[in-house]
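# Working through the structure, step by step
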Amino acid sequence: MIYNIAVIPGDGIGPEIVREAMKILDKIGEVYGHQFNYTEVLMGGISIDKTGVPLTDEALEQAKNSDSVLLGAVGGDVGNSNWYQLPPNLRPEAGLLALRKGLELFANLRPAVLYPELKGACPLKDEIVGEGFDFVVVRELTGGLYFGPRKTESQNGLRIATDTLIYDENEIRRIAKWAFEIAMKRSKKVCSVDKANVLDSSRLWRQVTKEVSKDYPEVELTDMLVDNCAMQIVKDPRQFDVILTENMFGDILSDEASMITGSIGMLPSASLGNTKLGLYEPSHGSAPDIAGQNKANPIATILSAAMMLRYSFDLEEEANQVEAAVQTVLNKGYRTIDIMSHQGRLVGTDEMGDLIAAEIRRR
Ligand code: NAD
């Protein structure tokens, strides 16, 4: 099969880590007989320098016309870069928001995986993490409190601020379907997180999620209140497979989940919509402090490419191969500087990519 991928290297370490992810995709192509064609798309600071805006209409069209989008990271040193003297809508990160909106991506997936090899980096006790954990937070990305009407006003000298939390059943249904689809490719458990003891929007969330679950009889659905979930993630993270939740709860819980995995350089993410076209990117930023030094950990971007294989191209075996190759290389003791421990062998960005590529073979 031929797959057309829009590649957005972006700024800082972006070009270095994206190069390694392409190396892995090319190896997958070689081993499994697929062809990945890449179109380089400008976004972020580099686009501002070349075109005056963080995302041109042409760049957005290139992304829309692809089968999927692979992104490094955008942005620079917020304290020093000239990009941050510009109005907010012309700064590097505005390109990312415009891209997500333009591609109509409403589901954000952030896996939280603790590899046994990196247990030392996890702040939780050994008896809690056991041999590691593996769950994914599915967060609604375009509705809820962050997008509802808001205002700040003064009434008789009293300042009042209002935010509005709105969800309609269609918004809930489409994200719930993604969570169940993802669970079908994993351990078939969805934990839907809400605040149904207080919020109407959460009560509707629960009803609609239950309705959707009828189409997925193999998947076990449970409900959990968000305050309890925040505790359970640090008390017993191994109980979770897929956590499904609304925008603000997901924002907070996915950061909590990433914290307990220990290293930001290991965390991939995917943003999905109604079609197979998704946006795949590491959870971290452009790390300007280490850019151009061959120090960046490319694993988050490589694992994002694995998610692309799984969710956009339905290449489950190939995705598993990439993930297994990452684990093998970690198991052999190779480490970039961010995950280095005393027993590890320090490697640079490109060597880490080479090592992972070398582990990819048909098994
Ligand atoms: P950051 O994630 O770029 O870096 C935080 C720390 O983690 C730094 O010390 C960095 O060196 C380290 N780090 C990050 N990724 C790493 C990797 N792959 N390997 C090794 N170390 C890594 O966050 P920041 O410093 O707050 O932001 C830098 C820039 O990135 C800002 O302009 C910010 O707006 C932007 N940003 C972009 C995105 C995105 O493109 N999606 C996300 C977050 C931040």
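Look up: the structure comes first, before these words.
Residues numbered from 1 in each chain as written. Predicted model: local features only at pLDDT ≥ 70, side-chain atom pairs only at ≥ 80, totals over all residues. Heavy atoms only, no water.

### A short note on the packing of helix α11 (residues 316–331) against helix α12 (residues 349–358)
Packing of α11 against α12 brings their axes to within 8 Å, and their N-to-C directions diverge by 115°. For the element pair α11 and α12, the recorded crossing hand is right-handed. Where α11 approaches α12, its residues A325, V326 and V329 are matched on the opposing element by M352, L355 and I356. A per-class count over the contact of α11 with α12 returns 6 nonpolar, no polar and no charged. (Axes fitted to C-alpha atoms, helices over the stretch in contact; angles between N-to-C directions. Helix = DSSP H or I, 4+ residues; strand = E, 2+ residues; numbered from the N terminus. Left-handed = near helix turned anticlockwise from the far one by under 90°. Contact = heavy atoms within 4.5 Å. Nonpolar A, V, L, I, M, F, W, Y, C, P; charged D, E, K, R; others polar.)

### Digging into the site of the ligand
Taken together, 22 residues lie near the ligand, and G76, E93, G285, A287 and D289 sit nearest. One of the backbone nitrogen or oxygen atoms of S286 is found 3.1 Å away from an oxygen atom of the ligand. Protein coverage of the free-state accessible area of the ligand, which is 810 Å², stands at 70%. (Near = heavy atom within 4 Å. Polar contact = N/O pair within 3.5 Å; in protein donor to acceptor, adjacent residues only side chain to side chain. Areas by Shrake-Rupley, 256 points an atom, 1.4 Å probe, with all protein chains shown as cover.)

### Things to note about the nonpolar core
One finds L109, L309 and I356 to be the most contacted residues of the largest nonpolar core, which totals 64 residues. Looking at this core, the element that brings in the most residues is helix α10 (residues 299–311), giving 9 residues. When we break this core down by domain, the ones giving at least three residues each are domain 1 (1–105 + 264–363) and domain 2 (123–260). Among all residues touching I356, those that are not within four sequence positions of it are I24, I299, I302, A325, V326 and V329. With 20 residues, the next largest nonpolar core counts V129, F133, C229 and I260 among its residues. (Core = buried A, V, L, I, M, F, W, Y, C linked by side-chain atoms within 4.5 Å. Buried < 20%, exposed > 50% of the residue type's maximum accessible area, 1.4 Å probe, protein only. Domains from an automatic or database assignment.)

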